[in-house]
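One-letter residues, chain by chain:
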Amino acid sequence: MKKQFLLSVLLSAACVAPACTNFIVGKKASTDGSVICTYNADDYGMFQFLCHYPAGKHPKGTMRQIYDWDSNEYHGQIPEAAETYNVIGNINEYQLTIGETTYGGREEMIDTTGIIDYGSLIYITLQRSKTAREAIKVMTTLVETYGYNSSGETFTICDPNEAWILEMQGCGGDKDNKVVWCAVRIPDNAISGHANQSRIGQFLKYEGVEVLYSKNAVKFAVKKGWYKGPVKEFNWKMTYAFPDFSGRRICDARVWSFFNHYQDMSRYLPWAEGKDPNAEDMPLYIFPDRKLSVQDVERDMRDHYEGTPLAMDSTDAGGGIWQMPYRPTPLYYTVNGKKYFNERPTSTQQTGFSYVSQMRSWLPRQIGGILWFGNDDGNMVAYTPIYCGNTVQPECYNTPGADALNFSDKNAFWVCNWVSNMVYPRYSQMFPSLKAVRDSLEASYFAQQKTIEDRAQALYQADEAAAVKFLNDYSNEKAQQMLARWKQLAIYLIVKYNDMAVKPEKDGRFLRTKTGLGAAVKRPGYPNAFAKKLVDTTGDKFLSPAK
């Protein structure tokens, strides 16, 4: 990667930490045996590329400079690995995928003297590891050696065979401790998730699952006076990152809703609602009542709590005239001295990029790993396939000159945001048009997948490099086709719905009069639910006198 582009990636990634979502599906919980994991990288005003780090060999003595992934501040340097692997987005050539969500935890545990921040840790590890277990060892060794600079973090670490959750916090510059951490392997037939709230509880009492943890995981809390009970009863999150109202309603509720699609989670609704201090804690993972496909998980990334008590009421004034399931930020607001909150679902307008990673052990590694990638709110994009061996990004996901302050119609982030920001305020009116295009594109990708991968496997037997290039070319072609279709969608929406009216069409063509003019527009007015709400609010102010 060129130094200039690397700097732009680092700058564009700033402040991702506060609000992300990860879901995890074990290989025996998926319909085809894939390990599946997801990531919404969310923050306000964030602009994102699809990053790439090429494989390389490095002479002894080569040093790697560490710049904070959020702030781009220089932290120091560490020795470079002798060999690094190809990384595209958050997956490497061995199908290893790493995502994250920041949960914060005790502020006094942040170690500002540490060299490694959470974002740098992800991409360094992807370049140095082939498996999830190796990644855990690399990550924990790095922070134990060089110190951990960020606040509390939950990492999703998956390969084609295993799925893990790793939680980590610094030790506030303590002279005898650099970091505390704990990792739990998610059972193969289970699903899990995390969304900015620590999820690991009494890990020493977990049965039937593999748990790894630092030697000081409990001792450090005892030393600080934060825990005085039996070692066996130690609860990671209750000690290091207590789940308050925000941690439950704003964060854990996203995981609750994911679980609720695959098991009745009404028992844990009080936990997700966040108001009952005695509510039963939600489990780290559940065993779904059916197996999940990639398409299922893509839908889960588009969730707004539909069909649950947390769903935004269609007559809620916050949704506007056309009932958008989005709310403006910040999440909290004050009226007459009282503090109120907005629901915070998985799908959110401030997503910079979103992916669903599919990892398959039975295929050659460069064919088995796919990052289904989108460059905006997952609900508002078509996830396009990015194969894990790819070495060249599509132009639309890596556009020269485009950044947070420079629009480009060659850039997926900006074109997708162009469309989504037209749709948000007129959601019930315009979203069906977007959804039809989105779903049609994704259906075509899945329909082609077997044919493309069969061709790649045939090539792979004779020439591995040719197979990798074939998949790279295919990925880039699909991404660029998506961009072109999204531009068409943008133009269609402005023509179809101009000035809050609707132009009639038939068989995909706008209707004209016999003389060639545009046919008379339809004026749908207020949706019934909103019209009633408006009258309930304004009374007789706008009551029309009887004729």
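Preceding block: the structure.
Structure report, in brief.

The rules behind the values
Residues numbered from 1 in each chain as written. Predicted model: local features only at pLDDT ≥ 70, side-chain atom pairs only at ≥ 80, totals over all residues. Heavy atoms only, no water. 1 Å grid on protein atoms, 1.4 Å probe; cavity = no way out; pocket = protein on both sides within 12 Å on 5 of 7 lines; lining within 4 Å. Points joined across faces, edges and corners; volume = space filled by probe spheres on them. Nonpolar A, V, L, I, M, F, W, Y, C, P; charged D, E, K, R; others polar. Bend = angle between axes of the 7 residues up to and from the residue. Helix = DSSP H or I, 4+ residues; strand = E, 2+ residues; numbered from the N terminus. Buried < 20%, exposed > 50% of the residue type's maximum accessible area, 1.4 Å probe, protein only. Pairing = 2+ DSSP bridges. Contact = heavy atoms within 4.5 Å. Axes fitted to C-alpha atoms, helices over the stretch in contact; angles between N-to-C directions. Disulfide = S-S within 2.5 Å. Patch = residues over 30% accessible without salt bridge, like charges linked within 9 Å, V, L, I, M, F, W, Y side chains within 5 Å. Areas by Shrake-Rupley, 256 points an atom, 1.4 Å probe, with all protein chains shown as cover. Salt bridge = Lys/Arg side-chain N within 4 Å of Asp/Glu carboxyl O. Expected span 1.5 Å × (residues − 1). Phe/Tyr/Trp six-rings, centres within 6.5 Å; stacked < 30°, edge-to-face > 60°. Core = buried A, V, L, I, M, F, W, Y, C linked by side-chain atoms within 4.5 Å. Polar contact = N/O pair within 3.5 Å; in protein donor to acceptor, adjacent residues only side chain to side chain.

1. Focus: empty space enclosed by the protein
Inspection of every chain in the model, using the stated rule, returns two cavities of 30 Å³ or more. Residue lining of the largest cavity: 14 residues in total, with Arg327, Glu343, Pro345, Thr348 and Gln349 positioned closest to the centre. Here the residues of the lining of the largest cavity are counted per class, giving five nonpolar, six polar and three charged. Roughly 80 Å³ of internal volume is contained in the second largest cavity. Gln48, Phe49, Cys51, Tyr123 and Phe353 are the residues nearest the centre of the second largest cavity, which is lined by twelve residues in total.

2. Digging into helix H6 (residues 245–260)
Its maximal kink placed at Asp252, H6 deviates by approximately 50 degrees. In terms of burial, H6 is a largely internal element, 13 of the 16 residues being buried.

3. Side note on the sheet that holds strand E21 (residues 384–387)
The strands that make up a sheet pair up through hydrogen bonds in the backbone, lying either parallel or antiparallel. With antiparallel pairing, seven strands are arranged side by side in an open sheet as E16-E14-E1-E2-E19-E20-E21. One side of each edge strand has no neighbouring strand; the edge strands of this open sheet are strand E16 (285–286) and E21. When strand E14 (residues 191–194) meets E16, the two strands line up antiparallel, connected through two bridges. What sits directly across from Ile191, in E16, is Ile286. Taken strand by strand, H6 contacts strand E1 (22–25), E14 and E16, and its axis lies near 160 degrees from that of E14. Against the sheet, helix H11 (residues 427–462) makes contact with strand E19 (351–359), strand E20 (370–374) and E21, and its axis sits at roughly 150 degrees relative to E20, the strand it touches most.

4. Examining the state of the cysteines
One way to say it: the disulfide is the covalent bond shared by the sulfur atoms of two cysteines. Taken as a whole and assessed by the stated rule, the structure comprises zero disulfides. Left without a disulfide partner, Cys20 is nearest to the cysteine sulfur of Cys251, which lies 11 Å away. Its sulfur unpaired, Cys171 is 14 Å from the next cysteine sulfur, which belongs to Cys182.

5. Observations concerning the environment of Leu534
Along the chain, the position of Leu534 falls in helix H13 (residues 528–538). Spatially, the C-alpha atom of Leu534 lies 20 Å from that of Tyr326, the residues being 208 residues apart in sequence.

6. Examining a nonpolar patch on the surface
A surface patch of nonpolar side chains, about 540 Å² in accessible area, is lined by Phe407, Trp418, Ile491, Ile494, Val495 and Phe510. For the nonpolar patch, the element with the highest residue contribution is helix H12 (residues 464–496), accounting for three residues. With respect to the helices, strands and loops of the structure, Val495 is situated in helix H12. Looking at Val495, the relative accessible area reads 32%, which means it is partly exposed.

7. Details of the pairing of strand E17 (residues 332–335)
Across four bridges, E17 lies against strand E18 (residues 338–341) in antiparallel orientation. Each residue of the ladder has a partner; that of Tyr333, found in E18, is Tyr340. As consecutive antiparallel partners, E17 and E18 are separated by two residues, and within that stretch Asn336 has a phi angle of approximately 50 degrees, a positive value.

8. Comments concerning helix H3 (residues 132–146)
The first and last C-alpha atoms of H3 sit 21 Å apart over 15 residues, in line with the 21 Å expected at 1.5 Å per residue. Looking at H3, one finds that the buried residues are Ala132, Ala135, Ile136, Val138, Met139, Thr140, Leu142 and Val143. Directly after H3, the chain includes Gly147, whose backbone phi takes a positive value near 85 degrees.

9. Some points on the pattern of salt bridges
The final tally for this structure, using the stated rule, is 27 salt bridges. For Asp176, the salt bridge is made with Lys175, and the minimal N-O distance between the two is 3.1 Å. Of the residues examined, Lys175 reaches a relative accessible area of 76% and is grouped as exposed. Ionic pairing is found between Lys237 and Asp281, a salt bridge with its closest N-O pair at 3.0 Å. One end of the pair, Lys237, is in helix H5 (residues 236–240); the other, Asp281, is in the loop between helix H7 (269–273) and E16, and 44 residues separate them in sequence. The buried category is assigned to Lys237, whose relative accessible area is 1%. Using a relative accessible area of 26% as the deciding quantity, one classes Asp281 as partly exposed. Among the charged side chains, a network of salt bridges with common partners joins Arg133, Glu162, Arg185, Asp188 and Glu210.

10. So, the packing of aromatic side chains
One pass over the full model with this rule turns up 36 aromatic pairs. Ring geometry for Tyr427 and Phe431: centres 4.6 Å apart, planes at 10 degrees, overall stacked. With Tyr427 and Phe431 both in helix H11, this residue pair falls four residues apart, about one helical turn. There is no split in this pair, since Tyr427 and Phe431 are both buried.

11. Considering the nonpolar core
Phe155, Ile157, Phe203, Trp236 and Trp486 are the most contacted members of the largest nonpolar core, which totals 145 residues. Core analysis: the next-biggest nonpolar cluster, separate from the first, contains five residues, Phe47, Phe49, Ala402 and Trp414 among them.

12. What to know about the environment of Tyr424
Examined against the element boundaries, Tyr424 turns out to sit in the loop between helix H10 (412–423) and H11. Its relative accessible area of 7% is what places Tyr424 among the buried residues. On a C-alpha basis, the gap between Tyr424 and Gln349 in space is 8.5 Å, while along the polypeptide they are 75 residues apart. In contact with Tyr424, other than residues within four places in its own chain, are Met324, Tyr326, Thr348, Gln349, Asp377 and Met380.

13. Brief notes about the side chain of Arg327
Looking at the element boundaries, Arg327 is found in the loop between helix H8 (294–300) and E17. Of the polar contacts made by the side chain of Arg327, one reaches the backbone oxygen of Met324; its length is 2.8 Å.

So far we have only geometry, and geometry alone does not tell us how the molecule works.
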